[in-house]
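Each chain is listed here by its residues.
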There are 2 protein chains.
Amino acid sequence: MSKVNIKVLADQLQLSVSTISKALRDSYEISDETKKKVLELATQLNYIPNPYASSLRRKKSKTIAVVLPEVADNFFSLAINGIQSIAESKGYHVLIYLSHEKFANEKNILEDCQSGRVDGVLISISSETNTAEHINKLQNQNIPVVFFDREQEAIKTARVTTNDFDCGLMAANHLLQKGCRRPAFLSISQSLPICQNRMEGYKAALQQAGLREEDMQIVYCTDNDGMYDQVRSLLQAADRPDGLIASVEKIVTPVYLACHELNIRIPNEVKVIAFATLDTAPILNPPLTTITQPAFEIGKAAATVLFKGIEKSAFDLSKERMVIPSLLIERESTK
Amino acid sequence: MSKVNIKVLADQLQLSVSTISKALRDSYEISDETKKKVLELATQLNYIPNPYASSLRRKKSKTIAVVLPEVADNFFSLAINGIQSIAESKGYHVLIYLSHEKFANEKNILEDCQSGRVDGVLISISSETNTAEHINKLQNQNIPVVFFDREQEAIKTARVTTNDFDCGLMAANHLLQKGCRRPAFLSISQSLPICQNRMEGYKAALQQAGLREEDMQIVYCTDNDGMYDQVRSLLQAADRPDGLIASVEKIVTPVYLACHELNIRIPNEVKVIAFATLDTAPILNPPLTTITQPAFEIGKAAATVLFKGIEKSAFDLSKERMVIPSLLIERESTK
DNA sequence: CATTTTTTCGCAACCGTTTTCGTAAATAAA
DNA sequence: TTTATTTACGAAAACGGTTGCGAAAAAATG
């Protein structure tokens, strides 16, 4: 209701609008005396500057966009936490956009990001995304983009990921070491580097162990709803695997449910390891061995490097590539 | 780099800036012919309007704020999903702010929201919040505020919650019916209505069953990190409860861990029921009986009513009070 | 053909803040 | 005292759209 802006302050203090503005920004051009008067009246009248007017003039929005496939996922919500913590400390605001794993959505979102609404973009691409143009367009507008976790390989910019290949290797080796002879790999996308790299690690481990390519089972659970059925039929097959690697968190519940349903005991009949940051992992039945990604740290690191790109446009993001290792936490599901 | 704005379009088409603007907004004042030309050039040059310039003039930001205690919680992330789905359909953008359960943070956030940055606010208050002024200030600036889940009772505005009292009653009755004689209630706040209401339901149920006030055990787990220890010492006490009601999701893991650690079997020695939207509930050890809140629907409903308040300022939010019931899903933990 | 109405567009103010530049007064240097 | 410099402020033009109003041209009406 009050609509108190700089003009109101100026009128009441018999000063010019520009003087008020400078006083509020603590300019050297203004005397300490008037600065104090301005500050006092400002707090008294509860003056709050209009960010959009400021953005318009300064061409800085003090806002970043976070684009992700979904938010109901522990990895992503922890990453948001990390991002938010950095953004807050920098005085930035965070817009959240969800692609719901659809390329078309992601494209629309990035298009909007070209408007000047945001100073930079943090993105974890959708599982459908396998082209780069829509991201390139953003970069052409001089809007820095940083990938976290799910990157698009063709784009030259900073990325913060975890050691996916190594973890794929570790996960598979862990299963082999625990006695699995035919572990399967459950993926959600043929294009996502995280899935591909984890899978390559899996393949490498199996190869080193002397298994042939045709003995490796890789199942793509692309359909979110059909996941349970896919896992179920995999476990009902004659040559069913004796180990499962869930490449992302959301595969865990279908896997456990299918095993319970089919009376397949974990870890006796099938061992399970999952890439997940589930905090319920230790209380599952049985407790789940996880490759736990440092989601919070990834978010923080990605935001930190993004702000470097935002704050000095000379900064070359394309050289930045940070890998924060995940941890294998052994629990009952692979005992 | 391109910096294509309305002026560029105007120059290239030998038209005035205002004509371009009106054409883009499909004004009746502009002929179909020129509209077409403008649209064509606009798409050709990849013109994207500056939202802040528009916001400044029209005094509409097409943006809402979502203020919540934390995002790494299934309830809240699902609620965000619901909110986002409505916002997206309305062409609105969503700013996320986290209070981390601190009143001071929440206050700062809401202060910023008075700037004109957002057209409305959806909030689930922090567990520390027990005053109303900071929210009132927002309303005085004519910025509609809607509560979801965690409301502040002194504020007159719309709220979307679940049937907390009934669920507290249901939860306690369920335990009683399953044979518990001394169920305890685990809360996180003395001021949050959700906790209070659920607790009142619990008390009512126990009273109806003939238990006296002094036989009711109510434990406040306010410290996030100390939760495990608190639960542990509760379970080590001589008069330890034979049933536990976790009033919020994040209490679940500490409870299960403490029980496992102390070798207290669920449900034989202690039955557990929790307010939670955990999708891992069915695969916990043992599967967890939950009061499952309709988080997504609450988010959707809250956003929907907020937009009513935003779109017509005549709309009286204070009368809106929607209660979306939760579901008791029985599983092994209370068998 | 004169007059009224409609169609189509441009001018200019405006949203609230920032910033360049000019200038009067105060102070310092000559 | 005169000149140079510093201090402290104001006027006005941005930033990129939006919108009320006026007006010329075209169409409709009498």
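Before reading on, note that the structure itself is shown above.
Residues numbered from 1 in each chain as written. Chains lettered and ligands numbered in written order. Predicted model: local features only at pLDDT ≥ 70, side-chain atom pairs only at ≥ 80, totals over all residues. Heavy atoms only, no water.

Requested: an account of the sheet that holds strand 6 (residues 183–187) of chain B, with residues and values cited.
Residues and elements named next belong to chain B. A sheet is described by the order of its strands in space; here 6 strands give the open sequence 7-6-8-9-10-12, paired in mixed fashion. Because the sheet does not close on itself, it has two edges, and the strands there are strand 7 (217–220) and strand 12 (327–329). Across the sheet, the mean angle from the axis of one strand to that of its neighbour is 20°, orientation sign disregarded. Across 4 bridges, the pairing between strand 8 (residues 243–246) and strand 9 (residues 271–275) is parallel. Counted as the bridge partner of Ala246 is Ala274 from strand 9. (Pairing = 2+ DSSP bridges. Helix = DSSP H or I, 4+ residues; strand = E, 2+ residues; numbered from the N terminus. Axes fitted to C-alpha atoms, helices over the stretch in contact; angles between N-to-C directions.)

Just give me the short version of the side chain of B:Thr280, but keep the residues and values in it.
Within the secondary structure layout, B:Thr280 lies in the loop between strand 9 and strand 10 (289–292). Every residue in contact with B:Thr280, bar those within four places of it in the chain, is listed here: A:Thr253, A:Leu278, A:Thr280 and A:Leu284. (Contact = heavy atoms within 4.5 Å.)

Lay out helix 8 (residues 164–177) of chain A with the relevant residues and their values.
Its 14 residues give helix 8 of chain A an end-to-end C-alpha distance of 19 Å, which sits within 8% of 20 Å, the value for a rise of 1.5 Å per residue. Within helix 8 of chain A, the full set of buried residues consists of A:Asp164, A:Cys167, A:Gly168, A:Leu169, A:Ala171, A:Ala172, A:His174, A:Leu175 and A:Leu176. (Expected span 1.5 Å × (residues − 1). Buried < 20%, exposed > 50% of the residue type's maximum accessible area, 1.4 Å probe, protein only.)

If you had to explain the environment of A:Lys90 to someone new, which residues and values would you point to?
Residues and elements named next belong to chain A. Summarising the element assignment, Lys90 is placed in the loop between helix 5 (74–89) and strand 2 (93–98). When the C-alpha atoms of Lys90 and Phe307 are compared, they prove to be 8.5 Å apart, with 217 residues separating the residues in sequence. With sequence-adjacent residues up to four places away left out, Lys90 is seen in contact with Lys62, Phe307 and Glu311. Only 3.4 Å separates the side chain of Lys90 from the side chain of Glu311, close enough to count as a polar contact. (Polar contact = N/O pair within 3.5 Å; in protein donor to acceptor, adjacent residues only side chain to side chain.)

Mind laying out unusual backbone geometry, listing which residues take part and the relevant values?
Residues and elements named next belong to chain A. A cis amide bond, omega -5°, links Asn285 with the succeeding residue Pro286. Here Pro286 is to be found in the loop between strand 9 (271–275) and strand 10 (289–292). Residue Gln14 is not a glycine yet carries a positive backbone phi of 55°. Summarising the element assignment, Gln14 is placed in the loop between helix 1 (6–13) and helix 2 (17–24).

How would you explain the protein's contact with DNA strand C if you had to name every residue and give the values?
Taken together, 28 residues surround DNA strand C, and among them A:Tyr47, A:Arg57, B:Thr19, B:Lys22 and B:Glu29 come closest. Near the protein, meaning within 4 Å, the atoms of DNA strand C are sugar or phosphate in a fraction of 62%, with bases accounting for the rest. B:Lys59 places a polar side-chain atom, nitrogen or oxygen, 2.8 Å from a phosphate oxygen of DNA strand C. Elements supplying a minimum of two residues to the surface near DNA strand C: helix 2 and helix 4 (51–58) of chain A together with helix 2 (17–24) and helix 4 (51–58) of chain B. In terms of residue class, the surface near DNA strand C is made up of 8 nonpolar, 11 polar and 9 charged. (Near = heavy atom within 4 Å. Nonpolar A, V, L, I, M, F, W, Y, C, P; charged D, E, K, R; others polar.)

Structural measurements only, silent on function.
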